Amino acid sequence: MSAKTQEIILSFIIYFFVYLLMVEWLKPVIELTDTDNLNLFCYYLALSFLLYLLKLNWKYATPLKLLFICWVIVALYTDFSFLSREAFSYLWENLVVNVQAIVTQDWQKINDPFRTVLFFILLWMTTYLLNYWIRVRKNLLLFFVLTVLFITILDTFSGYNGDKSIVITLISGFIVMGLLYAQKLISENKEEMKGTFLFASVTSLVGLLLISGVFAYTLPKAGPSWPDPVPFFTSSNPNASLGEGSNGVTRKVGYGENDEKLGGGFSSDDTPVFMANVQTEQYWKIETKDTYTSKGWIQSSIDSEMRSFNSGESIISDITPGNEDETSVASIIMLQEFPFIMQPYGIKSVDSISQAPFRMDMDPMNQKISTFIGENTVPIRNYDATFSEPVYSLKALRNATIEDVNALSSEFDRYLQLPENLPTRVRDLATSITEGNSSLYDKAISIQRYYRQNGFSYNQNFSAIPEGDTDYVDQFLFDTKVGYCDNFSTSMVVLLRSEGIPARWVKGFAPGEVVDQIDGVPVFEVTNNNAHSWVEAYFPNVGWMTFEPTIGFSNNPTVNYDIDAQSDEPEVPEASPTPTPEKPKSENEQSEISIGFTEMMKTVAKWVSERKALIIWTIVGITFFSLLAYRHRGKWLSKVLIPVYRMRKNDWNTFEKMYHQLLKELNRYGLKREQGQTLMDFAKQVDINFGDRHMRRLTSTYENGFYGNNKDDVNYALMRESWENLINQLSG
């Protein structure tokens, strides 16, 4: 096999696996930015590497790449024929508009076609750099390491699942590194490998790595040692796109109606849902569900008569509003079209001055308030919800007993429903948690506190999906102890019902974040990330009351401590997490730290999102100038090398490093030492080129010191002067 054929075969294999590495960069970018047409970008990468493999002159390669990019833009964003006059006109007009936008720094006018072009240019620059590393440096270690870091960081800090990608990356990277090293040995030693030896070497390397990769991918793996550092708050959205997650399913967070199958990972989504101008933080209730199936929730289908209210009329809910003198108004601006009301607790009425009169129908089975104009459901964009937060008597709560529950009407039976196949250990756990509590309220508080004191952690990526006959709650309470709001709220409802306390599962939104103020009143932005689920429990002679079991969330109802101070019974603190005694950090504390880290990451992500255009252009600019500086490093490198070495001592170690650095710079300059050529012969060649004797002086000193161990009688100041003289000439 000829040397040229060997080079072609090795180069083809190297470029193929480098192409695979680049695709692994593209996949998360396409997925996490909701960009389509991954195949088109892959085609561009394949075209680029093919042109580099063929060593096609840039005068011909550049037009081919530009032609491909133009074809993609026309095909994606227009219906024009690529060779038509309309297509060329479209491309030219877009170029002019976007260049003007860049010059005037009007970033909002930069459109999607031009952003696509910029992305292609970024890929162009990246493939050019990779080709340089392959052809000249014959080393891709930096790119390999960066790819591994890129995938692992995204897998940890985002909804991207890098299980397969990391295996492909490691296999491809090691193959490329091995083949580049073999290619480097062939080039340096100027030897020709036999065809069979080359084939055996490549096959053994690829085969060994592929076999290792298959074993690594298929063998069982240990679970995570620490809680997820970025546990973003999530809930289910059946209408969102599905994808591979830690348990096979990854969904985007947000409100959805189908909760029959809970579990699986979520990817965060900060798309705003509504804005609320309200004095205090509120949980925004949408609906409840009453039937637990061991896999999720459904709503029992019992015929009931809708309660209808016109805009501005009093709303009769099964949660009694609080004091009249503490009535507040929440002004809601909907940013997504939901045909139902976001209910603050203690809702009294809903009105809108900016929309035609509408009707509201409340379903008494699930408490959802749908909005109508005529017979059609319609979303109400702006409305004011008048409410007064409920106030609960601690004395009445403590007086509620199981006998009072037994006296309730059959209407409450559905709030005590549990699956027939519910594992016995779930009921036993409920009994052990509430042991020693006499009142129903104390039992509920004990269950709410249980999660914070027994090693449970909040995590959006490692929420298991129960398979076969496995119960969702049982799996969470005893096997995983890891999950998000659906796990915590569902399990608390089941534990409450196991103790005979009527309870229901509630869906809606958490308060959101303050983003503005109007006349001193906070404006809360509620996004898809704030979709949430929690618990309502019923106490006879008191009513429905909210509970928040999810670690990291707080929804304390207002309790009136009206118990006699001389009572022998200990005062029950309000329903809030109790501080953990000082001790080594438990899993629970680690989860709290993780939640704090989550908030920091959200702040960072928001800052980056607000400045993404500036950041992208900064990265592009830095990359461009870095490549430019590297290409012309001969012009400025001496101004760095000389000051650096002047700061070092005049001794043999410094001189030896200076001499080797000089050999490297001479090679870059074009004065390459031939195979088998002695240092002195090479020094004479260099001095003839520059017309002096500096290289021979340096080489003679180096040989005397290296071979003759004569390192003490060296005039290092004179050697430094000769060295600097040559370095300056190389950069001239």
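Predicted model, so just to flag it, every value in this text is computed and none were measured. (Residues numbered from 1 in each chain as written. Predicted model: local features only at pLDDT ≥ 70, side-chain atom pairs only at ≥ 80, totals over all residues. Heavy atoms only, no water.)

### Some words on the pairing of strand 8 (residues 328-334)
Consideration 1: Two elements, strand 3 (residues 272-277) and strand 8, share 4 bridges in a ladder whose sense is antiparallel. Paired with Asn-277 across the bridge in strand 8 is Ser-331.
Consideration 2: The pairing of strand 8 with strand 13 (residues 382-387) spans 6 bridges and is antiparallel. Residue pairing across strands places Ser-331 opposite Asp-384, the latter belonging to strand 13. (Pairing = 2+ DSSP bridges. Helix = DSSP H or I, 4+ residues; strand = E, 2+ residues; numbered from the N terminus.)

### Overview of a nonpolar patch on the surface
Consideration 1: Taken together, the side chains of Leu-141, Leu-142, Val-145, Leu-146, Leu-149 and Ile-153 define a hydrophobic patch exposed on the protein surface, amounting to about 510 Å² of accessible area.
Consideration 2: Position of Val-145 among the secondary structure elements: in helix 6 (residues 141-157).
Consideration 3: A relative accessible area of 38% means that Val-145 is categorised as partly exposed. (Patch = residues over 30% accessible without salt bridge, like charges linked within 9 Å, V, L, I, M, F, W, Y side chains within 5 Å. Areas by Shrake-Rupley, 256 points an atom, 1.4 Å probe, with all protein chains shown as cover. Salt bridge = Lys/Arg side-chain N within 4 Å of Asp/Glu carboxyl O. Buried < 20%, exposed > 50% of the residue type's maximum accessible area, 1.4 Å probe, protein only.)

### What about empty space enclosed by the protein?
Consideration 1: Under the counting rule described, the total for this entry stands at 4 cavities of 30 Å³ or more.
Consideration 2: Reported here for the second largest cavity is a volume of approximately 60 Å³.
Consideration 3: Lys-285, Ser-317, Ile-319, Gln-343, Pro-344, Tyr-345, Gly-346 and Ile-347 together form the lining of the second largest cavity.
Consideration 4: Considering only residue class, the lining of the second largest cavity consists of 4 nonpolar, 3 polar and 1 charged. (1 Å grid on protein atoms, 1.4 Å probe; cavity = no way out; pocket = protein on both sides within 12 Å on 5 of 7 lines; lining within 4 Å. Points joined across faces, edges and corners; volume = space filled by probe spheres on them. Nonpolar A, V, L, I, M, F, W, Y, C, P; charged D, E, K, R; others polar.)

### Focus: the sheet that holds strand 8
Remark on secondary structure: sheet strands pair via backbone hydrogen bonds, oriented parallel or antiparallel.
Consideration 1: Taken together, the 6 strands give an open sheet; going across it, the order is 9-13-8-3-19-18, and neighbouring strands pair in antiparallel fashion. Of all strands in the sheet, those with a lone pairing partner are strand 9 (347-351) and strand 18 (513-518), marking the two edges. Across the sheet, the axes of successive neighbouring strands diverge by a mean angle of 25 degrees, strand direction being ignored. (Axes fitted to C-alpha atoms, helices over the stretch in contact; angles between N-to-C directions.)

### Comments concerning the side chain of Asp-692
Consideration 1: Examined against the element boundaries, Asp-692 turns out to sit in the loop between helix 19 (679-690) and helix 20 (694-708).
Consideration 2: Within the buried set, Asp-692 has no salt-bridge partner at all; the shortest N-O distance to an opposite charge, 6.7 Å, is to Arg-696.
Consideration 3: Polar side-chain contacts of Asp-692 include one of 3.1 Å to the side chain of Gln-729.
Consideration 4: The residues contacting Asp-692, other than those within four sequence positions of it, are Asp-687, Asn-725 and Gln-729. (Lys, Arg positive; Asp, Glu negative; His and termini not counted. Polar contact = N/O pair within 3.5 Å; in protein donor to acceptor, adjacent residues only side chain to side chain. Contact = heavy atoms within 4.5 Å.)

### Considering helix 19
Consideration 1: Over its 12 residues, helix 19 extends 17 Å from the first C-alpha to the last, a length consistent with the 16 Å expected when each residue adds 1.5 Å.
Consideration 2: Taken as a whole, helix 19 has its buried residues at Leu-679, Phe-682, Ala-683, Val-686, Asp-687 and Phe-690. Looking straight down helix 19, one finds that the buried residues subtend no more than 140 degrees of arc, so they occupy a single side.
Consideration 3: Of the surrounding elements, those touching the buried residues of helix 19 are helix 18 (652-669), helix 20 and helix 21 (716-731).
Consideration 4: Of the residues flanking the end of helix 19, it is Gly-691, one or two places downstream, whose phi is positive at about 75 degrees. (Expected span 1.5 Å × (residues − 1). Arc of directions from axis to C-beta.)

### With respect to the packing of helix 3 (residues 58-77) against helix 5 (residues 112-137)
Consideration 1: Packing of helix 3 against helix 5 brings their axes to within 10 Å, and their N-to-C directions diverge by 150 degrees. Here helix 3 lies roughly antiparallel to helix 5, going by the angle between them. At the point where helix 3 passes helix 5, the crossing takes the right-handed sense. Facing Thr-62, Lys-65, Leu-66, Phe-68, Ile-69, Val-72, Ile-73 and Tyr-77 of helix 3, the residues of helix 5 in contact are Asp-112, Pro-113, Thr-116, Val-117, Phe-120 and Trp-124.
Consideration 2: In terms of residue class, the contact of helix 3 with helix 5 is built from 10 nonpolar, 2 polar and 2 charged. (Parallel < 35°, antiparallel > 145°, perpendicular 65-115°, else oblique. Left-handed = near helix turned anticlockwise from the far one by under 90°.)

### Here's the deal with the nonpolar core
Consideration 1: Grouped together as the largest cluster of nonpolar side chains are 57 residues, with contacts concentrated most on Tyr-441, Leu-477, Leu-495, Leu-496, Phe-539 and Phe-547.
Consideration 2: Elements with a contribution of two residues or more to this core: helix 9 (394-399), helix 11 (424-434), helix 12 (440-450), helix 13 (472-480), helix 14 (485-498), strand 17 (503-509), strand 20 (531-539) and strand 21 (543-547).
Consideration 3: The element contributing the most residues to this core is helix 14, with 7 residues.
Consideration 4: Ranked by size, the runner-up nonpolar core spans 46 residues in total, among them Ile-14, Val-23, Tyr-44 and Ile-73. (Core = buried A, V, L, I, M, F, W, Y, C linked by side-chain atoms within 4.5 Å.)

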